[in-house]
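# What the coordinates show
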Amino acid sequence: MEQGIGTYIRQQFGIGEQDWNAYSPLALAYIGDGIYELVIRTAIVGKENKQAGKLHREVSRYAKAQAQAEMMETLLPMLTQKELEIYYRGRNAKSYTKAKNASVQDYRKATGLETLMGYLYLQDEMPRLVELVREAVMHYTPQEHEGMETRNQEKGRQG
């Protein structure tokens, strides 16, 4: 089996084998947030060379809690039993923070998605992680949310 990037990094820092099942769901979500955004950034940057600000706005459409919650609904039927368990652990975790512009329900679903992403990454299951992100992105249409963002940007220019 080919070594994954997570294993490579841990080896370079002298970190031994871990039982990722024993890690808190919020620790898994923490690393999952980063790897999810890295996958999204890679896909968006790979499509077109744009200014950093434009790239950031495009990535943000997929990285916000509401988008992740909607994407998670698409993914639920595709998940294995183990993946569902990891997702539910993250969704049900007691977090003392909340997203600025998201409902509690969306925030919890997004945390579940990030927990799953973190777990898959740490298990060196990048092909599965990327497959799930790709499927989620393919079935998500941010256009309904773009109109509001565009209007807010235009107001900012006028004011």
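Residues numbered from 1 in each chain as written. Predicted model: local features only at pLDDT ≥ 70, side-chain atom pairs only at ≥ 80, totals over all residues. Heavy atoms only, no water.

## Points about the side chain of Arg-10
Relative to the helices and strands, Arg-10 resides in helix H1 (residues 5–12). At a separation of 3.4 Å, a polar atom in the side chain of Arg-10 contacts the main-chain carbonyl oxygen of Leu-122. For Arg-10, the contacting residues outside a window of four places in its chain are Ile-15, Trp-20, Leu-122 and Asp-124. (Helix = DSSP H or I, 4+ residues; strand = E, 2+ residues; numbered from the N terminus. Polar contact = N/O pair within 3.5 Å; in protein donor to acceptor, adjacent residues only side chain to side chain. Contact = heavy atoms within 4.5 Å.)

## Digging into the nonpolar core
Of all hydrophobic cores here, the largest spans 31 residues; its most connected members are Tyr-36, Leu-79, Met-117 and Leu-129. If you list the elements that add at least two residues to this core, you get helix H2 (25–47), helix H3 (52–63), helix H4 (65–75), helix H5 (81–91), helix H6 (104–122) and helix H7 (126–138). (Core = buried A, V, L, I, M, F, W, Y, C linked by side-chain atoms within 4.5 Å. Buried < 20%, exposed > 50% of the residue type's maximum accessible area, 1.4 Å probe, protein only.)

## Describing the layout of surface pockets
Looking at the largest pocket, its volume works out to about 360 Å³. Around the largest pocket sit 19 residues that line it, and Asp-33, Ala-63, Gln-68, Tyr-107 and Glu-114 are the ones nearest its centre. In terms of residue count, H2 provides more of the lining of the largest pocket than any other element does, five residues in total. Residue composition of the lining of the largest pocket, by class: nine nonpolar, six polar and four charged. (1 Å grid on protein atoms, 1.4 Å probe; cavity = no way out; pocket = protein on both sides within 12 Å on 5 of 7 lines; lining within 4 Å. Points joined across faces, edges and corners; volume = space filled by probe spheres on them. Nonpolar A, V, L, I, M, F, W, Y, C, P; charged D, E, K, R; others polar.)

## A closer look at the environment of Thr-74
Assignment of secondary structure puts Thr-74 in helix H4. Of the residues examined, Thr-74 reaches a relative accessible area of 25% and is grouped as partly exposed. On a C-alpha basis, the gap between Thr-74 and Glu-135 in space is 8.0 Å, while along the polypeptide they are 61 residues apart. Not counting residues up to four positions away in its chain, the partners in contact with Thr-74 are Glu-135 and His-139.

It is worth stressing that arrangement in space is one thing and function is another; only the former is reported here.
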